[in-house]
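Examination of the molecular architecture
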Amino acid sequence: MKRILLLGGVSEALAIARRLGPDHIYSLAGLGKVPEDLACQVRVGGYGGAEGLARFIAEQGIDLLLDATHPYAAQISHNAAAAAALAGVPCWALRRPGWQAGPDDDWREVVDWGELIGALAPFHRPFFTLGREPLEHLQEIPAHQHWTVRCLQSLPGTERAEVIGARGPFDLSGERELFARLRSDVLISKNSGSQSTEPKLQVARELGLPVLILKRPELPPVAREFASVESLWPALTTYLESP
């Protein structure tokens, strides 16, 4: 029986894990809720880089490494590709496409945090949906700005920063209400391509707000790459059933 090690990080990974039997392993970094209703094994925590992951693959008799981590988890993806090469097993990746700007969108791509802060200078009430990174900079907020940061965990803010703990999916009406309360004049987002967080972009479009988009990182080449669970699953089934 062939064994799969599935590295999770996006919602599609859970959809794959729900179809896997007890011989396979679903691996999570440990952020957020760990599912308890899966037939497959669940492992939480890191591996100690590419070499540690390669050792785990060998020890567990893994035949295929499937990288379904977040598009911005570049280090993990690079470790996965390197570990698969070290262990002599194929590495496949589920890499969903990014969002595409429409004719009514005002999207401005930035490469890193430094470029982002420079692009934010003209604005007063930024709404960050990047995850936890802005929390490291709450003491650096310019005097003319008030930040709102939405991430998975609710944490104390400051006089000039509100931190909202929330997990998608987000609906359009709720996002409209939130934007109205915040009175934000710019949205900051990663280009995750997730349907569950896409409504914020529609609200920004409706309000005519600019969106600062953090550029996607370069990811390593792998043996096979898929854009969706629907395209991946038939290939995975064929692989598992092959001699």
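Everything below is about the structure shown above.
Quick summary incoming for the structure in this document. (Residues numbered from 1 in each chain as written. Predicted model: local features only at pLDDT ≥ 70, side-chain atom pairs only at ≥ 80, totals over all residues. Heavy atoms only, no water.)

1. Some remarks on the packing of aromatic side chains
- Applying the stated rule across the entire model yields seven aromatic pairs.
- Ring centres of W92 and F226 lie 5.5 Å apart, and the angle between their planes is 50°; on these two criteria the pair is classed as tilted. Of the two residues, W92 sits in strand β5 (residues 91-94) while F226 sits in strand β12 (residues 224-226), which places them 134 residues apart along the sequence. The same class applies to W92 as to F226, namely buried.
- Note on W113 and W147: the rings are 6.2 Å apart at their centroids and 70° apart in plane angle, and the pair reads as edge-to-face. In this pair, W113 sits in helix α4 (residues 113-120) while W147 sits in strand β8 (residues 147-151), placing the two residues 34 residues apart along the sequence.
- In textbook terms, an aromatic cluster arises when at least three aromatic residues are bridged by ring pairs, as seen for W92, F226 and Y239.
- For the cation-ring pair, R43 lies above Y47, with the distance from its terminal atom to the ring centre recorded as 3.9 Å.
- Seen from the ring of F56, R43 lies directly overhead, with NZ or CZ sitting 5.0 Å from the centre. (Phe/Tyr/Trp six-rings, centres within 6.5 Å; stacked < 30°, edge-to-face > 60°. Helix = DSSP H or I, 4+ residues; strand = E, 2+ residues; numbered from the N terminus. Buried < 20%, exposed > 50% of the residue type's maximum accessible area, 1.4 Å probe, protein only. Lys NZ or Arg CZ within 6 Å of the ring centre and 35° of its normal.)

2. Side note on the nonpolar core
- By size, the foremost hydrophobic cluster in this structure holds 22 residues, and its most contacted members are L6, I16, Y26, L66, W92 and L236.
- For this core, the secondary structure elements donating two or more residues are β1 (4-7), α1 (11-17), β2 (25-28), β4 (64-67), β5 and α7 (229-241).
- Broken down by element, the residue count for this core peaks at five residues, all from α7.
- Sequence-distant contacts of L236, defined by excluding residues within four places in its chain, comprise I4, I16, L64, L66 and W92.
- Within the second largest apolar cluster, 20 residues are counted, among which are L138, I188, L212 and L214. (Core = buried A, V, L, I, M, F, W, Y, C linked by side-chain atoms within 4.5 Å. Contact = heavy atoms within 4.5 Å.)

3. A short note on the pattern of salt bridges
- Tallied over the full model, the rule gives eight salt bridges.
- Here R205 ties to D105 by a salt bridge, and the two come within 2.8 Å at their closest N and O atoms. With R205 in helix α6 (residues 199-207) and D105 in the loop between β5 and β6 (107-110), this residue pair connects regions lying 100 residues apart in the sequence.
- Taking relative accessible area as the criterion, R205 reaches 34% and is therefore assigned partly exposed.
- Here R108 makes a salt bridge to D106, at a shortest N to O gap of 2.8 Å.
- When its relative accessible area of 31% is taken as the criterion, D106 is described as partly exposed. (Salt bridge = Lys/Arg side-chain N within 4 Å of Asp/Glu carboxyl O.)

So yeah, pure geometry; function would need other evidence.
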